[in-house]
Amino acid sequence: MGPLQLAQDIGSKWIYWPWVGDHLDEIRTRLAEHITLTFWAVLLGFLIAFPLALLAVRYRRLYPPVIGVTGVLYTIPSIALFVFLIPWTGLSRTTALVPLVAYTLLILIRNIVAGLDGVPPEVREAAQGMGYRPLRQLFSVELPLALPAIVAGIRIATVTTIGLITVTALIGQGGLGQFMIDGFQRDFRTPLTVGIILSVALAVVADLLLVGAQRLVSPWARAERRRS
Amino acid sequence: MGFLGDVVNWFGDGSHWSGNDGVIHRLTEHVQISVVSIVAAALIALPIGFLIGHVRKGGIATVNISNIGRALPSFALLILMVQIFGLGEPSGVFSFIGSFPTFVVLVAIAIPPMLTNTYIGMVGVDPEVREAARGMGMSGRQLLRGVEAPIALPLVWAGIRTGAIAVVATATLAAYTGWGGLGRFIIDGLSTQDYVQVFAGALLVALLAIVFEFGLAGLQHLTVSRGLRVRARPGGRVEDAVPEVAPTPAVPARPTG
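Nothing here was measured: the structure is a model prediction, and the numbers come from that model.

### Section: the overall build of chain A
Piece 1. Along the backbone of chain A there are 12 helices and zero strands.
Piece 2. Helices (α) and strands (β) of chain A occur, in sequence order from the N terminus, as α-α-α-α-α-α-α-α-α-α-α-α.
Piece 3. Against the compact-globule benchmark of 17 Å for 228 residues, chain A has a radius of gyration of 22 Å, which places it well outside the compact range.
Piece 4. Looking at chain A residue by residue over its 228 residues, the buried ones come to 42%.
Piece 5. When contacts within chain A are restricted to residue pairs at least 6 apart in sequence, those whose partners lie at least 24 apart make up 73%.

### What to know about the overall build of chain B
Piece 1. Of regular secondary structure, chain B possesses nine helices and zero strands.
Piece 2. The helix and strand sequence of chain B, counted from the amino end, reads α-α-α-α-α-α-α-α-α.
Piece 3. Among the 257 residues that make up chain B, the fraction classed as buried is 48%.
Piece 4. For chain B, long-range pairs separated by at least 24 residues make up 73% of all intrachain contacts whose partners lie at least 6 apart in sequence.

### Remarks on the interface of chain A and chain B
Piece 1. Contacts between the two partners involve 45 residues from chain A, matched on the other side by 43 residues from chain B.
Piece 2. Here the side of chain A that touches chain B gets 10 residues from one element, more than from any other, and that element is helix α9 (residues 134-167) of chain A.
Piece 3. A class-by-class count of the residues in the side of chain A that touches chain B yields 30 nonpolar, 13 polar and two charged.

### Description of the nonpolar core
Piece 1. The biggest cluster of nonpolar side chains holds 122 residues, and the ones touching the most others in it are V83, I109 and M180 of chain A together with A110 of chain B.
Piece 2. For this core, the element with the highest residue contribution is helix α7 (residues 140-173) of chain B, accounting for 14 residues.
Piece 3. Each residue touching I109 of chain A, except ones within four places of it in the same chain, is listed here: A49, L52, A53, A56, V66, I67 and T70 of chain A.

### Examining the environment of I67 of chain A
Piece 1. Inspection of the secondary structure assignment puts I67 of chain A in helix α4 (residues 63-75).
Piece 2. Considered as a pair, I67 of chain A and A56 of chain A are 11 residues apart in the sequence and their alpha carbons are 9.5 Å apart.

### Points about helix α6 (residues 127-135) of chain B
Piece 1. Among the nine residues in α6 of chain B, zero count as buried, and that is only a small part of the element.
Piece 2. Positive backbone phi, at 90 degrees, marks G137 of chain B, one or two positions downstream of α6 of chain B.

### Examining unusual backbone geometry
Piece 1. With phi around 55 degrees, R56 of chain B is a residue other than glycine that occupies positive phi space.
Piece 2. Mapped onto the fold, R56 of chain B is located in the loop between α2 (23-55) and α3 (59-71).

### Some details on the packing of helix α3 (residues 24-58) of chain A against α9 of chain A
When two helices pack together, their arrangement is given by the angle between the helix axes and by the axis-to-axis distance.
Residue and element names in this part refer to chain A.
Piece 1. Interhelical geometry of α3 versus α9 gives an angle of 135 degrees and a closest axis separation of 9 Å. Judged by the inter-axis angle, α3 sits oblique to α9. α3 and α9 meet at a crossing whose hand is right-handed. Between α3 and α9, the residues in contact are H34, L37, T38, A41, V42, G45 and F46 and I154, A157, T158, T161, I162 and I165, respectively.
Piece 2. Classifying every residue of the contact of α3 with α9 by side-chain character gives eight nonpolar, five polar and no charged.

### Considerations on the confidence of the model for chain B
All names here are of chain B.
Piece 1. In the predicted model, chain B carries a mean pLDDT of 82, and the fraction of residues at 70 or more is 83%.
Piece 2. Per-residue pLDDT, averaged within each element of chain B, yields its smallest value for α3 (72) and its largest for α2 (93).
Piece 3. The low-confidence segment residues 231-254, where pLDDT is below 50, has 75 contacts with residues more than four positions distant or belonging to other chains.
Piece 4. The ipTM assigned to the predicted complex is 0.82, against a pTM of 0.83.

### Topic: the confidence of the model for chain A
Piece 1. When pLDDT is averaged along chain A, the result is 89, and 97% of the positions lie at 70 or above.
Piece 2. Within chain A, no element has a lower average pLDDT than helix α12 (residues 219-227) of chain A, which sits at 71, and none a higher one than α3 of chain A, at 95.

### Examining helix α8 (residues 183-192) of chain B
Piece 1. Across the 10 residues that make up α8 of chain B, a large majority, seven, are buried.
Piece 2. Where α8 of chain B is buried, its residues touch α5 (78-83) of chain A together with α2, α7 and α9 (195-223) of chain B.
Piece 3. In the segment just after α8 of chain B, Q193 of chain B is the residue with positive phi, at about 55 degrees.

### As for the environment of L78 of chain B
All names here are of chain B.
Piece 1. Checked against the element boundaries, L78 lands in helix α4 (residues 74-85).
Piece 2. Exposure remark for L78: the 26 C-beta atoms within 10 Å place this residue in the buried category.
Piece 3. Spatially, the C-alpha atom of L78 lies 8.2 Å from that of L173, the residues being 95 residues apart in sequence.
Piece 4. Once you skip the residues sitting within four places of it in the chain, L78 turns out to touch V105, T170, L173, A174 and T177.

### As for the environment of W179 of chain B
Residues and elements named next belong to chain B.
Piece 1. Among the secondary structure elements, W179 is positioned in the loop between α7 and α8.
Piece 2. Its 25 C-beta neighbours within 10 Å are what place W179 among the buried residues.
Piece 3. Separated by 150 residues in the primary sequence, W179 and E29 place their C-alpha atoms 9.5 Å from one another.

Parameters at a glance
Residues numbered from 1 in each chain as written. Chains lettered and ligands numbered in written order. Predicted model: local features only at pLDDT ≥ 70, side-chain atom pairs only at ≥ 80, totals over all residues. Helix = DSSP H or I, 4+ residues; strand = E, 2+ residues; numbered from the N terminus. Rg over C-alpha atoms; globule rule 2.2 N^0.38 Å. Buried ≥ 20, exposed ≤ 12 C-beta atoms within 10 Å, placed from the backbone. Contact = placed C-beta atoms within 7 Å. Nonpolar A, V, L, I, M, F, W, Y, C, P; charged D, E, K, R; others polar. Core = buried A, V, L, I, M, F, W, Y, C linked by C-beta atoms within 7 Å. Axes fitted to C-alpha atoms, helices over the stretch in contact; angles between N-to-C directions. Parallel < 35°, antiparallel > 145°, perpendicular 65-115°, else oblique. Left-handed = near helix turned anticlockwise from the far one by under 90°. pLDDT = per-residue confidence, 0-100.

Below is the structure:
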């Protein structure tokens, strides 16, 4: 068997373990990159979406334009949104982060608003009757009740962002997507497999962690489930 | 003249519009493979959705299978399909498909939102309405065609629109795996660092996506009975629900294209 034949054999294997062993450091780095970018995108998205959602609940007229604008952003294909900022911010992390944040907005705003809308009016009246001021009512009554919907939004935003970050590899901010590009360009399937499996695994783990976090911060829901 | 001026000049240059690498040809390719894939996906997803929604069985499996798709990036799927099928461009009667691996991926990503939304729309039909129709002597088929399907239609359209956005976006990514379409301007521009062309391509893609969205919203408006109309605007869709959290009108995971 000649060396060329050997290279082709290794290239066509879906997983070639020696490569994985040799690249553990790179895998760790890419994974960390992917997680960092996801974390900042969802966090910044939430910090923008939360006040916008509160405003939209308070002043109903704001809701249609807010949803309209974020909806149009959401419609634009990711690769287009990822390259819009290149002329100004180059192939930098900012260029990738701004569109990622933009995509989370529609999901987060809709879920926060839906969650707050779902608070029964009787509960709100009871809180008012007990003399709660608006801010305290929001934080200690309405937001806890809206939590499942809000967390659902964060979960969808997170899983979506993890998937989108593979595309950012095209502007040099790839995280695990870089492995997919490497594998494709060199006709070598192992990095491709590693990239896909790790990004799917990351999405599943992040989703489960968020479900766990929700359970931790809302012990009353657990108690209710036990009672019923 | 600044960068945006260069972009304007790019569009003003006639040579960028004509020929095999021109805007017109790339736009035609993009629209063609998108429409073919959306129609193919609808022909597969809607009948199945109507049927399982009518008999009210197999729904949880459907929704779960759709949800698994959320985690798998369409970019990864695209590269995977090219690895499996090669860069085949069908000839003869099937040449309208354009690129086989791309077509398979586009259909695959459009089916889940269409199927889930159709199913959820059908299940949402008020049982009393179904009973009333039965009481009037309607057969199962009459019930499905005359009552359930029209009531489910707004959600069916929501599914078609979500799927269509994903298709247009992912067709752009297909340029990376060697196929044509508007993504060519972006991918080629990135590799030659011609950011004017990249920006122009991105503008075209964004506009096309918005045109698809509003075009389908218009079709929805025309076909949905007036009493059932929900306001049709981007983002104003009633989307496929996440099963774990029933009360939330959740937005689907963004198609990762």
